[in-house]
Amino acid sequence: MEKLVVLGGGESGVGAAILGKYKSYDVFLSDFSELKPKFKAKLNSEGIQFEEGGHTLSLLTSADLIVKSPGISDDLSLVQKLSKSGIKIISEIEFASWYTDANLIGITGSNGKTTVTNMVFHILKNAGLSVSMAGNIGFSFAEQVATKTVHNYVLELSSFQLDGIESFKPHIAILTSITPDHLDRYHHNFEEYIQSKFKITLNQTEEDYLIYNKDDEVIAQWLDKHNTKAKLVPFTTATIAEDLSAFIKDNQINISLNQNLFKMSVSDLAVKGDHNTRNAMAASTAARLLKIRKQTIRESMESFRGVEHRLEQLEKIGKITFINDSKATNVNATFYALDSMNAPTVWIVGGVDKGNVYEDLLSLVNEKVKAIVCLGIDNQKIIEVFSNCVETIIQTSSMAEAVTEAYALTEEHDAVLLSPACASFDLFENYEDRGRQFKTVVQSLKK
């Protein structure tokens, strides 16, 4: 019996451990931190051995195969030691893909991937397909492969998940955008991060498709210099005359596939903004490649209401608008958020800086932001960049304090925008926890 060691006991790791057990591996899970009670309970119910609060090297080096959770860096000394010992180390995404024959739609990008993943899932579900959503969103891909049979998986894929693939191959890959993000994990080298994102097409063949944002300079330049075997399907807000493409003409989305044209009015999209138009183009193109009926796609895009924690407008308190954009974990995502603001804005920003270049936001902050509320342990960089263009900058260390201070700075018809441009792990469990806390505190203002 082969020994499988799983590093990390979160959603991804526990899912990999369960799949390993179902596939007759001798499974051992190891986590440097304390496991959450729900994950401990799952492992115990499956009879899977584990350790928490530290790693026992002798137990790990006896592995035939290691599945490493995406949150664990390849640069960690433990991972380096295990790698040098010759043990194969892969991601949960790679491991799960070994045990499913389902059609895989993989979606990655610095921004837009969650929305596009939800859009594709929404369309496929409305079309009556057997489909599930997994990866960087929802429940573990590996656990779903272990416990149910699904004909289509829509997978949101982070760069960290793609770093650990070898043979993983989506039939349809979507690349939404590439802007600097997670540079702390990539030795502050943007090129490394770009290579990581393009691993989504690494194993694709001539039978597969890569849907990509032609308006993204980084993506376009990479494809000019590198080859992929997949059929290329660009999407753009410009007008182009290529078969296998999606473009805008006369305020309509046009998707041209093998001389078959599909049109849908941009005005009919339930979610607004240029970035959401691009997201809808990418998702609808994937659906057309899967031969989903045109009417089903139209109806799905008219009914898709967006993603929680992404420019989510909450109920007004008095005449003040509150917007939850907790999912904005990088500067580019926050750029979209600030650009969409139409009222004087109190901006809540901060968290774990991943090598952010805040200067890219200066013109928008100048134009839109009346005050800044920093929410994080280290706010110095934010203060240095924006102190010359925003008079009021306040530092806070909890969501309750941040929202209360922000509300106090508003006047009638202003807006409070939570768009942190940073990861959440200094004060919160994840961006969902951060967004939920924001919504809870905003609700409490009504009382």
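Let me sum up the structure you'll find in this document. In this text, all values refer to a predicted model and were calculated from it rather than measured experimentally. (Residues numbered from 1 in each chain as written. Predicted model: local features only at pLDDT ≥ 70, side-chain atom pairs only at ≥ 80, totals over all residues. Heavy atoms only, no water.)

**Brief notes about the overall build of the protein**
Each helix and strand in the protein was counted, giving 17 helices and 20 strands. A principal-axis box enclosing the C-alpha atoms of the protein has dimensions of 65 × 55 × 45 Å. Out of the 447 residues in the protein, the part that is buried amounts to 57%. Pairs at least 24 residues apart make up 64% of the contacts formed inside the protein by residues separated by at least 6 positions. (Helix = DSSP H or I, 4+ residues; strand = E, 2+ residues; numbered from the N terminus. Buried < 20%, exposed > 50% of the residue type's maximum accessible area, 1.4 Å probe, protein only. Contact = heavy atoms within 4.5 Å.)

**Considerations on the pattern of salt bridges**
Within the structure shown, the criterion is met by 17 salt bridges. When the shortest N-O distance is used, the salt bridge between K199 and D163 registers 3.7 Å. Highlighted residues: K199 in the loop between α9 (190–197) and β10 (209–213) and D163 in helix α8 (residues 159–163), separated in sequence by 36 residues. On the basis of relative accessibility, which here comes to 26%, the residue K199 falls in the partly exposed class. When the shortest N-O distance is used, the salt bridge between K370 and D414 registers 2.6 Å. Linking K370 in strand β18 (residues 369–375) with D414 in the loop between α16 (399–408) and β20 (415–418), this pair joins segments that are 44 residues apart in sequence. (Salt bridge = Lys/Arg side-chain N within 4 Å of Asp/Glu carboxyl O.)

**Comments concerning the pairing of strand β4 (residues 65–68)**
What you see with β4 is no split at all: L65 and V67 on one side and I66 and K68 on the other are buried throughout. Of the strand pairs in this sheet, strand β1 (residues 3–7) and β4 are connected by four bridges, and their pairing is parallel. What sits directly across from L7, in β4, is K68. Where β4 and strand β5 (residues 88–90) come together, three bridges link them in parallel fashion. Considered in β5, the bridge of I66 is made with I89. (Pairing = 2+ DSSP bridges.)

**With respect to the sheet that holds β1**
Read from one edge to the other, the open sheet built from five strands follows the order β3-β2-β1-β4-β5, with strand pairing classed as parallel. Each having just a single partner strand, β3 (49–52) and β5 make up the two edges of the open sheet. In this sheet, neighbouring strand axes are inclined to one another by 20 degrees on average, regardless of whether the strands run parallel or antiparallel. Judged from the five bridges that link them, β1 and strand β2 (residues 26–31) form a sheet pairing that is parallel. In the sheet register, K3 faces β2, and the bridge partner there is D26. (Axes fitted to C-alpha atoms, helices over the stretch in contact; angles between N-to-C directions.)

**So, the nonpolar core**
Counting residues in hydrophobic clusters, the biggest one holds 51 residues, and the most contacted among them are L4, F95, F141, Y153, L155, I178 and F198. Take this core: its biggest share by element is five residues, from helix α1 (residues 11–22). Among all residues touching F198, those that are not within four sequence positions of it are L175, I178, I219, W222 and L223. (Core = buried A, V, L, I, M, F, W, Y, C linked by side-chain atoms within 4.5 Å.)

**Things to note about the environment of Q252**
Turning to its location among the elements, Q252 is positioned in strand β13 (residues 252–257). What makes Q252 partly exposed here is its relative accessible area of 26%. Measuring from C-alpha to C-alpha, the distance between Q252 and T277 comes to 9.9 Å, with 25 residues separating the pair along the chain.

**Let's talk about unusual backbone geometry**
One non-glycine residue with positive phi stands out, namely S24, at about 70 degrees. Residue position: S24 is located in the loop between α1 and β2. You will see that N251, though not glycine, has its phi angle at about 60 degrees, which is positive. The topology assignment puts N251 in the loop between β12 (245–249) and β13.

**A word on helix α11 (residues 274–289)**
In this model, α11 (16 residues) spans 23 Å end to end at C-alpha, consistent with the 22 Å of a helix rising 1.5 Å per residue. Among the 16 residues of α11, 15 are classified as buried, and the element is accordingly described as predominantly covered. (Expected span 1.5 Å × (residues − 1).)

**Describing the sheet that holds strand β17 (residues 345–349)**
One open sheet holds the six strands; their spatial order is β15-β16-β20-β17-β18-β19, and the pairing between them is mixed. Taken across any chain shown, the strands that pair with only one partner, and hence form the sheet edges, are β15 (312–313) and β19 (392–396). Bridge count between β17 and β20: four bridges; the pairing is parallel. By the bridge assignment for β20, I348 is matched with L418. The strands touched by α16 within the sheet are β16 (321–324), β17, β18, β19 and β20, with β19 carrying the most contacts at an inclination of about 160 degrees. Sheet contacts for helix α17 (residues 431–444): β15, β16, β17 and β20; angle to β16, the most-contacted strand, approximately 165 degrees.

**Let's talk about α16**
When α16 is considered as a whole, its buried residues turn out to be M399, A402, V403 and A406. Along α16, the residues classed as buried sweep out an arc of 90 degrees about the axis, all on the same side. Summarising the contacts, the buried residues of α16 are in contact with β16, β17, β18, β19, β20 and α17. (Arc of directions from axis to C-beta.)

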